[in-house]
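Inside the fold
Each chain, letter by letter, is given below.
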Amino acid sequence: MNDLFDRLQTLKDRYEELGGLLSDPDVISDTKRFTSLSKEMADLRETVEKYDQYKKVTDLIKEDEELLGEKLDDEMAAMAKEELAEAKSEREKLEEEIKVLLLPKDPNDGKNIIMEIRGAAGGDEASLFASDLFSMYAKYAEKQKWSIEVLDKNVTEVGGFKEIALLINGESVYSKLKYESGAHRVQRVPVTESAGRVHTSTATVVVMPEEEDVEIEIDPKDIRVDVYRSSGAGGQHINKTSSAVRMTHLPTGIVVAMQDQRSQQQNREKAMKILKARVYDYYSSKEQNEYDKNRKSAVGTGDRSERIRTYNYPQNRVTDHRIGLTLNKLDRIMNGELEEVIDALILYDQTKALENLQNE
């Protein structure tokens, strides 16, 4: 625990240094630096608080052990032993919590996300399931006090989504939703099925951190931009002007088409936002796959074709195949009550990461 103790003291020293810097007028007047240092301090706060608790408990243990070395009456000795046992249990709990807090953090955990949901195998039923998944995530986002902005959508004739792209803004969005990437399978009787037979369909979800200009640079020479007239609803303005935008990232072949907005400039901005996220995701997924060849990822956020979860409507059951979790709460989960699933995925990932750290 000595190395850990030294590292914690270093973090506490940095935390106190940040407190001084954030009261410096020169730092306060530099908005960018002030924001960056404030975020760093906020990221350290929980670890430093746990460390302070750990030091207090350790001091208490030392005092009780010294006390038990003296001559005490039976009642005092019993009280000291009880307090010592409780303090040791508390110290053990704090050690585990601190180890988790000190695990290498995903640099994207604090970011907003762009989520893309697509109907896959199953035709109309797949598109309806994609719509149900969108509703589930929207309700979960509302419970988390996050905001959702629909960037693009392609609605099918039956009212489902062939695909929908959305931006979710809020605190630590990526850290909670990054495990949702993959193929989601549904087993239920479609509304169009007259014989009442259960069908299996799938929809895919991709979760990408929203990338700012400073975080990923795309050379303008690597982008081909085509403009064309929008189709569908929107009136004469949309049909008479070339407001729709198609962007192609030439090195990767990634294409983003946007026509939902009324002006070409608005469509350009939305298309660029999605393009940056997809390009970042493309390269980070390649890195993740390379990493996984060397050491198996705990839960995995890279393989988009992996079937991660099954939603069984007849039995009101949801199963996450990666961690073997089965819950007979489908109705509640589809109503946005995803906390139990997400917490289990985070805990599993942390447990595996600790095991890997101890084995290195």
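This text follows the structure it describes.
Residues numbered from 1 in each chain as written. Predicted model: local features only at pLDDT ≥ 70, side-chain atom pairs only at ≥ 80, totals over all residues. Heavy atoms only, no water.

Let's talk about the overall build of the protein
Note the threshold: Runs of H or I in DSSP of at least four residues are treated as helices and runs of E of at least two as strands, each being numbered from the N terminus. Burial status follows relative accessibility: with a 1.4 Å probe on protein chains alone, a residue under 20% of its type maximum counts as buried, one over 50% as exposed, and anything between as partly exposed. Contacts between residues were defined by any pair of non-hydrogen atoms, one from each residue, lying within 4.5 Å. Using the Shrake-Rupley algorithm and a 1.4 Å probe, accessible areas are obtained, with residue cover drawn only from the displayed protein chains.
Counting its regular elements, the protein contains 10 helices and 11 strands. Looking at the protein residue by residue over its 360 residues, the buried ones come to 38%. Pairs at least 24 residues apart make up 61% of the contacts formed inside the protein by residues separated by at least 6 positions. Accessible area of the protein: about 20,100 Å², with a carbon and sulfur share of 48%.

Description of the packing of aromatic side chains
For clarity, the cut-off: Here a Phe, Tyr or Trp ring, Trp counted by its six-membered ring, pairs with any other such ring whose centre lies within 6.5 Å, and the pair is stacked when the planes are under 30 degrees apart, edge-to-face when over 60, and tilted otherwise. Should the NZ of a Lys or the CZ of an Arg lie within 6 Å of a ring centre and within 35 degrees of the ring normal, that charge is described as sitting over the ring.
In total, this model carries three aromatic pairs according to the counting rule given. Of note, Lys-111 hangs over the ring of Tyr-280, and the distance from its end group to the ring centre comes to 5.6 Å. Over the aromatic face of Tyr-313 sits the side chain of Arg-188, whose NZ or CZ is 4.8 Å from the ring centroid.

As for the side chain of Glu-116
Convention followed: Distance and chemistry together define a polar contact, namely a pair of N or O atoms within 3.5 Å, with one atom able to donate a hydrogen and the other to accept it when in protein, and with adjacent residues in sequence counting only for side-chain atoms on both sides.
Turning to its location among the elements, Glu-116 is positioned in strand β1 (residues 113–119). When its relative accessible area of 5% is taken as the criterion, Glu-116 is described as buried. A polar atom in the side chain of Glu-116 sits 2.7 Å from the side chain of Arg-278. Other than its neighbours up to four places away in sequence, Glu-116 contacts Ile-164, Ala-165, Thr-204, Val-205, Val-206, Met-208, Ile-274 and Arg-278.

Examining a negative patch on the surface
So the rule is basically this: Only residues whose relative accessible area exceeds 30% and that form no salt bridge are eligible for patches; like-charged ones are grouped when within 9 Å, while nonpolar side chains (Val, Leu, Ile, Met, Phe, Trp, Tyr) are grouped when within 5 Å. Salt bridge, as applied in this entry: a Lys or Arg side-chain nitrogen positioned within 4 Å of an Asp or Glu carboxyl oxygen. As used throughout, the charge tally considers Lys and Arg to be positive and Asp and Glu to be negative, leaving His and the chain termini uncounted. Each charge is placed at NZ for Lys, CZ for Arg, CG for Asp and CD for Glu.
A contiguous patch of negative charge on the surface is contributed by Asp-59, Glu-63, Glu-66, Glu-70, Glu-82, Glu-83 and Glu-86. For the negative patch, the secondary-structure elements that each account for two or more residues are α3 (31–68) and α4 (74–101). Among the secondary structure elements, Asp-59 is positioned in helix α3. For Asp-59, a relative accessible area of 45% translates into the label partly exposed.

A few points about the sheet that holds strand β10 (residues 317–320)
Quick reminder of the rule: For two strands to be treated as a pair, DSSP must find at least two bridges joining them. What counts as an axis is a line fitted to C-alpha atoms, over the stretch in contact for a helix, and the angles between N-to-C directions run from 0 to 180 degrees.
Strands sit in the order β2-β3-β1-β5-β4-β9-β10-β11 across an open sheet of eight strands; the sheet is mixed. At either margin of the open sheet sits one strand with a lone partner, and together these are β2 (147–155) and β11 (325–327). Across the sheet, the axes of successive neighbouring strands diverge by a mean angle of 15°, strand direction being ignored. Examined bridge by bridge, strand β4 (residues 182–188) and strand β5 (residues 199–209) share seven bridges and lie antiparallel to one another. Its bridge partner lying in β5, Val-186 is registered against Ser-201.

Some remarks on unusual backbone geometry
At Lys-145, a residue that is not glycine, the phi angle is positive and equals roughly 65°. Assignment of secondary structure puts Lys-145 in the loop between α5 (123–143) and β2. Given a relative accessible area of 75%, Lys-145 falls into the exposed group. Backbone geometry places Asn-316, a non-glycine residue, at a positive phi of 50°. Mapped onto the fold, Asn-316 is located in the loop between β9 (307–312) and β10. Residue Asn-316 is classed as partly exposed on the basis of its relative accessible area of 26%.

Let's talk about α4
Our working rule: One fewer than the residue count of a helix, multiplied by 1.5 Å, yields its expected span.
The end-to-end C-alpha separation of α4 is 40 Å, in line with the 40 Å expected for 28 residues at 1.5 Å each. Along α4, the residues that are buried comprise Ala-77, Ala-80, Leu-84, Ala-87, Leu-94, Glu-95, Ile-98 and Leu-101.

Some details on α5
Structural remark: α-helix, 3.6 residues per turn; residues separated by three or four positions point the same way. In this model α5 runs 31 Å from its N-terminal to its C-terminal C-alpha over 21 residues, within 8% of the 30 Å that 1.5 Å per residue would give. Turning to α5, its buried residues are Glu-125, Ala-126, Ser-127, Phe-129, Ala-130, Ser-131, Leu-133, Phe-134, Met-136, Tyr-137, Tyr-140 and Ala-141. Phi turns positive, to about 65°, at Lys-145, one or two residues after α5.

Section: the environment of Glu-40
Inspection of the secondary structure assignment puts Glu-40 in helix α3. Glu-40 gets classed as partly exposed once you look at its relative accessible area, which sits at 28%. Each C-alpha atom of the pair Glu-40 and Leu-18 lies 8.2 Å from the other, and the pair is 22 residues apart in sequence. Beyond its immediate chain neighbours, meaning those up to four positions away, Glu-40 contacts Arg-14 and Leu-18.

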